[in-house]
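Below are the chains, spelled out letter by letter.
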Number of protein chains: 4
Amino acid sequence: MKMYFQEINKISYEGAESNNPLAFKYYDAERMVAGKKMKEHLRFALSYWHTLTGNGTDPFGQPTMERGYNELKGMALSRARVDAAFEFMTKLGIEYFCFHDLDIAPEGDSLQEKLENLDVIVALIKEKMKETGIKCLWGTTNAFGHPRFMHGAATSPNADVFAFAAAQVKKAMEITLSLGGENYVFWGGREGYETLLNTDIALENDNLARFLGMARDYAKKIGFKGQLLIEPKPKEPTKHQYDFDTMTVLGFLRKYNLSQDFKLNIEANHATLAGHTFQHELALARVNGMLGSIDANQGDMLLGWDTDQFPTNIYDATLCMYEVLKNGGIAPGGLNFDAKVRRGSFKPDDLFISYIVGMDTFAKGLLVADRLLTDGVLEDFVAGRYSSYMVGIGKKIVEGTTDLEELAEYALKHDTIELQSGRQEMLEDIVNRYIYGKCE
Amino acid sequence: MKMYFQEINKISYEGAESNNPLAFKYYDAERMVAGKKMKEHLRFALSYWHTLTGNGTDPFGQPTMERGYNELKGMALSRARVDAAFEFMTKLGIEYFCFHDLDIAPEGDSLQEKLENLDVIVALIKEKMKETGIKCLWGTTNAFGHPRFMHGAATSPNADVFAFAAAQVKKAMEITLSLGGENYVFWGGREGYETLLNTDIALENDNLARFLGMARDYAKKIGFKGQLLIEPKPKEPTKHQYDFDTMTVLGFLRKYNLSQDFKLNIEANHATLAGHTFQHELALARVNGMLGSIDANQGDMLLGWDTDQFPTNIYDATLCMYEVLKNGGIAPGGLNFDAKVRRGSFKPDDLFISYIVGMDTFAKGLLVADRLLTDGVLEDFVAGRYSSYMVGIGKKIVEGTTDLEELAEYALKHDTIELQSGRQEMLEDIVNRYIYGKCE
Amino acid sequence: MKMYFQEINKISYEGAESNNPLAFKYYDAERMVAGKKMKEHLRFALSYWHTLTGNGTDPFGQPTMERGYNELKGMALSRARVDAAFEFMTKLGIEYFCFHDLDIAPEGDSLQEKLENLDVIVALIKEKMKETGIKCLWGTTNAFGHPRFMHGAATSPNADVFAFAAAQVKKAMEITLSLGGENYVFWGGREGYETLLNTDIALENDNLARFLGMARDYAKKIGFKGQLLIEPKPKEPTKHQYDFDTMTVLGFLRKYNLSQDFKLNIEANHATLAGHTFQHELALARVNGMLGSIDANQGDMLLGWDTDQFPTNIYDATLCMYEVLKNGGIAPGGLNFDAKVRRGSFKPDDLFISYIVGMDTFAKGLLVADRLLTDGVLEDFVAGRYSSYMVGIGKKIVEGTTDLEELAEYALKHDTIELQSGRQEMLEDIVNRYIYGKCE
Amino acid sequence: MKMYFQEINKISYEGAESNNPLAFKYYDAERMVAGKKMKEHLRFALSYWHTLTGNGTDPFGQPTMERGYNELKGMALSRARVDAAFEFMTKLGIEYFCFHDLDIAPEGDSLQEKLENLDVIVALIKEKMKETGIKCLWGTTNAFGHPRFMHGAATSPNADVFAFAAAQVKKAMEITLSLGGENYVFWGGREGYETLLNTDIALENDNLARFLGMARDYAKKIGFKGQLLIEPKPKEPTKHQYDFDTMTVLGFLRKYNLSQDFKLNIEANHATLAGHTFQHELALARVNGMLGSIDANQGDMLLGWDTDQFPTNIYDATLCMYEVLKNGGIAPGGLNFDAKVRRGSFKPDDLFISYIVGMDTFAKGLLVADRLLTDGVLEDFVAGRYSSYMVGIGKKIVEGTTDLEELAEYALKHDTIELQSGRQEMLEDIVNRYIYGKCE
């Protein structure tokens, strides 16, 4: 078998003092944290699209990435990428991968050929999985790249396109099931609009719900037990994506009675494009019982498009893992690096370094979050802050045993109210100090 | 009775050729459009807060507005403002007003005194309403200005604050009812958070739902038949407002089984702060059967705060009225000018000019929208675009009589799909030409 | 000669009442406005890149555009595009074109081959120009698409890349000269940075200035008499582009004593990405004597990337032409449609419709702007507003014959100041009414 | 003398392990770093406006701050604030303060009274300075709050307003001189525009330059030796502020030959509002030799207004101090906390905690930056990256001894170029690891 990263050895944990860019400083897969192994908390996954098929193009430039399979085409290229993917994961100790159908096999000249291409590569991937023990976190379909999807897939104004997308989802679900995938993801590619002047948003939203309903039915029928996940994104490629953010998707799912069947796959960079912090989206998903999985990347807060950078911001990683721990873990979801190396980080070792940096950032974040929770420094403050709802009139409010009249009467007698400080600055400093090292 | 705008006469309609800044060029209240009078379509309302109590302060500057009642204080000031408000509305031919409790009467030293102050002024307003025939579009309470609400009202961490807010809503509802108000509005002042580090968002959202539920119950109990409206806003004053946008509010209402009892009051500038167009928010509310009323203003697309400018953008006004006409009208809601004169437009006649400009913009927008709909230039294009859902496989999709397997089989046979152009540029041009004058 | 738009006839002016999407409603090339022909005011130019080489790809999708030369490759494709370009311009009555070297001829395997490819196509273009009378508005080089430019061209950390870019500019200038181009444009492709952590901004800025200085010297040497233009853009593709906006470029040029040799090419969508209005950038360039040419397109104010839409916003077009008229015209620059049809407007006639829409929008904008200026409705207001600088202490300020001490003494005697209203709302309404039709 | 923070003792350094919110964990004033005391590097200054006169109002709410002098008015209030300010600084060990004239003394009914009020308080402040050894970092005037400045000060359309502002600057400079202030700051309050429709930007910019020129002349005349500083801000309060960002100001200063006389005061939150990082603005000022002083705060990257939060982001603090160290220090400027406690952090001890948090963040940032520089981990990478400009063709480029022709010839022979990776992810990780603790 051809090696694509021959010059890179298996990456090992060397500890915080190491200066080796090709070693972990914080991610120690077997280290126990809060009763579980680090790797069980983090459940890192490779993103097949950015990692294997990403080539460094951008709207203003050609491919830049130096990859060993650059000269190949068609099925030969797809085969080579399978080898490269498993070599890469094995060397990094990553135990999961995620993929779109189109990432792993070429389009083909007909739908039939497309499906056949997939079968060939899926068989190959299965072998590799058996060989390495690596698992499939989730699969999905690419129903946005081909010109037929220019106006949407499930929300296309053309019913034949809807049908084509349905065929793709059917196949992608079957593949995901056959690979033992623990989740199936719906990212709304071009499910949105470019201008309201040409759009019937009522029909498009209804059709999207119909599509998801049929997909759920089919998942049940074939015995797929994994989570079905919707991934919110506010814009790009379309001007407005229907799955704008967590709350939008929750409203949509509730309207169409789909909220029992779907959870959310939250992406950091999609959160910020929607005007929210990463933690905001995670927290809202969590408290609504809908946190399914995570796309761990980061955006540039001064840029208005999805930059999908490898996550290096320790604040975001810490607060993400804080939400994950409060959620009781992320399984059967995981942390997928939906991240691409910068276009100028075009060497093969940049790919390793970037994954290492991302994994270390989240490992450190996990340590900080665990220590914050263990020490209760934030939780205790919050509990005290809301304690008035545990007794008296507050308790009646929470229990639903009062009404406007009783409250008004109460207020007339208690109209001088002593408030507590919100202490934002003090709390931000606490997080800082745990990051600086109080957690080791 | 003292006159506050003595130098201004009743504003009349002079037609498009007039250059008189103190005349209407498009708003002709009694003109029939699409079977109704212009004024019935538009149902313009004065915003008591910006118009009467707005003084031109901003975070960097002191009051600038020249108003005849500037020297007054307390109840005398409140009385003067009632006179000024009704003089202003009468001169402009505006038939509705909207208000917060705190706009019309001073706070007082105790809750009791606050309530008594309100009673005095409400009696005065009632007289004026009888005298002039002017009506109340909606009332609300200000539960965000006083320091007690610094951490929220229904979402305050302090139960006594929740009770105080409840007392305010109770009173404001009673007042609105007694004034014949056709709607009651909930704008989530500080119902949101500054930092997640000190916030229990699960409890806060639950409490917000409890609060709204109690308010609805009380409305029913006292026989208030008007619409209860929630007004989305994404941020400001808090970093994150829970009523972020239309879809967020719909999701919230559905979660807590409140969606039968509340509709939405959509504000133009809040839409853009949330990353949406004004039309987007209106359209989503409309197709979900939740369009209740409108705050007609505009923001500056390059500024990140609520500028509440008088609406002069004809595109937004046209597309707003397009949605209103498709909604079958906005009643019992209306178009409230939640707009303030620029800080440098500090003269009394600027207030008139700004309302005239806003009313003319929407009157022109109504004319354009009506003509677009009458001619069917957009609707016919859209109908044709989605026609594949009227027959064959499309019809089955819409009727819910197909599934992934049938669709996949269909797709295998129909994998060469002919698409139509979306024609965005052509449609934008059509709107332009109707604005330029095809509608008169 | 092959025709690429056989089904489209020459586009003619049919007047405002026409509903023919393939006719001009406002652009009447020979119509006299303010003493010049419309076409002399507007000097429309075709953008070779979007119009001929744009294929509808975006970061999430494959090409969509239906073009008659889609099957061709290499030099054959380049030749076909020349035919298509001149057919297109002739049919639209567009008299200028703009191009990058890479738009017209393929890259080649070596720099030598690249240069030879260019010579072949340039000869072909010259013939076409002679045949049709169409002229070259400006030329430029693409020093951002090839991987060698991943870290910049003139600001590359690699001196060989700097040299390569120099070779390209040399050739592109020679070509532009030989085609009689009236301007040469520098758009700073990747002249910027992705992260300050790896960037020497002092050296990069110095090198950029050195590069521009050498280019100016070479232009002089070969006898190029046209304008040298820098096109500001704040971000994209790099995180930060050095030519951020008009004021940034002016500061840069002044620092390196280049401000006598360069003017600006202002792009609408770049203005808004920098947080400015289109008019703002035009006005600042104008009052600094630096307005050279215009890229006429529009962005989506809610999206954070360069959407390069065909301009349909009449406000922007009007205020642009207002600045152009105040500038005494835009020649030897022009209005280049740096705009691409939406990805879903993929039919050949969409290309015509979109140009027509853009040309009509600017033609209407010209008519409105001319009438505003002729009537002096804005200018007179502004003149009156600043009249205090024509006399007394104001005159001394402007003439530089006073100082802080005299002013302070004056102020002590004149500390009660009467201000005038800024009348923003009234002025916005005036613009509206001129747009609605006061100008025909 | 009345104590305003009686319950708070002098704040001392307790080290990183302390959990005492009223102690420093990193800021150890006398600790030597890179050859200087920490306090000499950081030169922290109190912001009189936020700290003493800030009361917690926002556009939607009333004052919230609990302060011991809340009941006072007029000169009594101003005197009390002097006591409070010096008590506060003494307890925190802050050795500098900054102020606007209006922060320290009330407006008065006439300009004369205003000047007299200032004299009284300035005398009081001088005593306190003598008593405590605390120094004045900079003074300025508030020429934006009073209604007379609604349309600008130096850029007002009214010459009398220009004169009034001149009188204020004259006095504020005299006061700053008499207090031994080391800098005088110009923040362009309302020097900008709300709409171009009513604005003569050419005259306004010329007048701004005239104003600054006169101020410089007067500074020289009275013997003020400190730095004159301009503080860029892009928007707020006006839609567009003329001092948009560093590069805009540099361009302006160069145009009017003022660049020898002024430097820049960079504010973190103003940088982000302009679409830049804090480090970007600092770096550009530094490499242009214009870095004068710093307003150390932070904004919320998801909010579009100036939130002026206390700085807690360690990335920004580190990269700020990195620029300061590379600048050879910030003296005679300093780090002014132009920051306000959150509106909900309304207790007196929140004020201390917030300053402590800010000071600790920058102290930690200094330590990290010093270690990064000492180890050369970033600098060495950058030096290597640009090394091609030290030899051969690169050297000729930098020395200005080549031209386009030679470069083109060179390029023809060197058209296969080997590039290095930009290594962004690796470098971001290095910064992280220095933050986590490699520096102690």
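Okay, so let's go over this structure. The model shown is predicted, which means the values in this text are computed figures rather than measured ones.

## So, the sheet that holds strand 10 (residues 262–267) of chain A
Residues and elements named next belong to chain A. Ordered by their spatial adjacency, 8 strands build a closed barrel running 3-4-5-6-8-10-11-12, and the pairing between neighbours is parallel. Inspection of the sheet shows strand 10 paired to strand 11 (residues 291–295) by 4 bridges, in the parallel sense. Within the sheet, the bridge partner assigned to Asn265 lies in strand 11 and is Ser293.

## Quick word on helix 15 (residues 404–413) of chain A
Residues Leu404(A), Leu407(A), Ala408(A), Tyr410(A) and Ala411(A) constitute the buried set of helix 15 of chain A. Projected down its long axis, helix 15 of chain A carries its buried residues within an arc of 160°, all on one side. Those residues of helix 15 of chain A hidden inside the fold are in contact with helix 14 (392–399) of chain A together with helix 5 (111–132), helix 6 (159–178) and helix 7 (201–222) of chain B.

## Comments concerning the interface of chain B and chain A
Contact residues are listed per partner, giving 92 residues for chain B and 91 residues for chain A. Taken over both partners, the interface formed by chain B and chain A buries close to 8,000 Å², and the fraction arising from carbon and sulfur atoms is 68%. On the chain B side of the contact with chain A, Leu197(B), Tyr386(B) and Leu404(B) bury the most area, a combined 10% of that side's loss. The interface formed by chain B and chain A holds 34 residue pairs in polar contact (both at pLDDT 80 or more) in total. Residue composition of the side of chain B that touches chain A, by class: 49 nonpolar, 25 polar and 18 charged.

## Some thoughts on the interface of chain B and chain D
One frequently used descriptor of interface size is the decrease in accessible area upon assembly of the parts. Facing the 30 residues of chain B at the interface are 30 residues of chain D. Carbon and sulfur atoms supply 59% of the area buried between chain B and chain D, which totals about 2,600 Å² over both sides. When residues of chain B are sorted by the area they lose upon contact with chain D, Phe60(B), Met150(B) and Trp305(B) head the list and together hold 25% of the total. Where chain B meets chain D, there are 4 salt bridges. For Asp300(D), the salt bridge goes to Lys239(B), with nearest N and O atoms at 2.9 Å.

## Examining the sheet that holds strand 4 (residues 96–100) of chain C
Residue and element names in this part refer to chain C. Strands sit in the order 3-4-5-6-8-10-11-12 around a closed barrel of 8 strands; the barrel is parallel. Sheet topology places strand 11 (residues 291–295) next to strand 12 (residues 335–336); 2 bridges connect them, and they run parallel. What sits directly across from Asp295, in strand 12, is Asn336.

## Details of helix 12 (residues 348–375) of chain C
Side chains three or four residues apart in an α-helix point the same way, a direct result of the helix having 3.6 residues per turn. All names here are of chain C. Between its first and last C-alpha, helix 12 extends 41 Å over 28 residues, near the 40 Å set by a 1.5 Å rise per residue. Helix 12 sits mainly inside the fold: 24 of its 28 residues count as buried. Positive backbone phi, at 65°, marks Gly376, one or two positions downstream of helix 12.

## Some thoughts on the pairing of strand 3 (residues 44–47) of chain A
Residue and element names in this part refer to chain A. Side chains Phe44 and Leu46 of strand 3 all project onto a buried face; the interleaved residues Ala45 and Ser47 project onto the opposite face, where all are buried too. Pairing geometry for strand 3 and strand 12 (residues 335–336), over 2 bridges, is parallel. Of the residues in strand 12, the one forming a bridge with Phe44 is Leu335. In terms of strand pairing, strand 3 meets strand 4 (residues 96–100) through 3 bridges, oriented parallel.

## Overview of the packing of aromatic side chains
Scanning all chains against the criterion turns up 98 aromatic pairs over all chains. Residues Tyr26(A) and Tyr436(D) carry aromatic rings whose centres are separated by 5.3 Å and whose planes lie at 90° to one another, so their mutual orientation is edge-to-face. Here Tyr26(A), found in the segment before strand 1 (32–33), pairs with Tyr436(D), found in helix 16 (residues 424–438), and the two come from separate chains. Judged on exposure class, the residue Tyr26(A) and its partner Tyr436(D) are both buried. An aromatic cluster is defined as three or more aromatic residues linked by ring pairs; in this entry it consists of Phe5(A), Phe24(A), Tyr27(A), Phe44(A), Phe88(A), Phe310(A), Phe337(A), Phe352(A) and Tyr355(A). Its end group placed over the ring of Phe164(C), Arg148(C) keeps NZ or CZ at 3.7 Å from the ring centre. We note Lys364(C) situated over the ring of Tyr436(B); from NZ or CZ to the ring centre the distance is 4.5 Å.

Analysis parameters
- Residues numbered from 1 in each chain as written.
- Chains lettered and ligands numbered in written order.
- Predicted model: local features only at pLDDT ≥ 70, side-chain atom pairs only at ≥ 80, totals over all residues.
- Heavy atoms only, no water.
- Pairing = 2+ DSSP bridges.
- Helix = DSSP H or I, 4+ residues; strand = E, 2+ residues; numbered from the N terminus.
- Buried < 20%, exposed > 50% of the residue type's maximum accessible area, 1.4 Å probe, protein only.
- Arc of directions from axis to C-beta.
- Contact = heavy atoms within 4.5 Å.
- Buried area = accessible area lost by both parts, 1.4 Å probe.
- Polar contact = N/O pair within 3.5 Å; in protein donor to acceptor, adjacent residues only side chain to side chain.
- Nonpolar A, V, L, I, M, F, W, Y, C, P; charged D, E, K, R; others polar.
- Salt bridge = Lys/Arg side-chain N within 4 Å of Asp/Glu carboxyl O.
- Expected span 1.5 Å × (residues − 1).
- Phe/Tyr/Trp six-rings, centres within 6.5 Å; stacked < 30°, edge-to-face > 60°.
- Lys NZ or Arg CZ within 6 Å of the ring centre and 35° of its normal.

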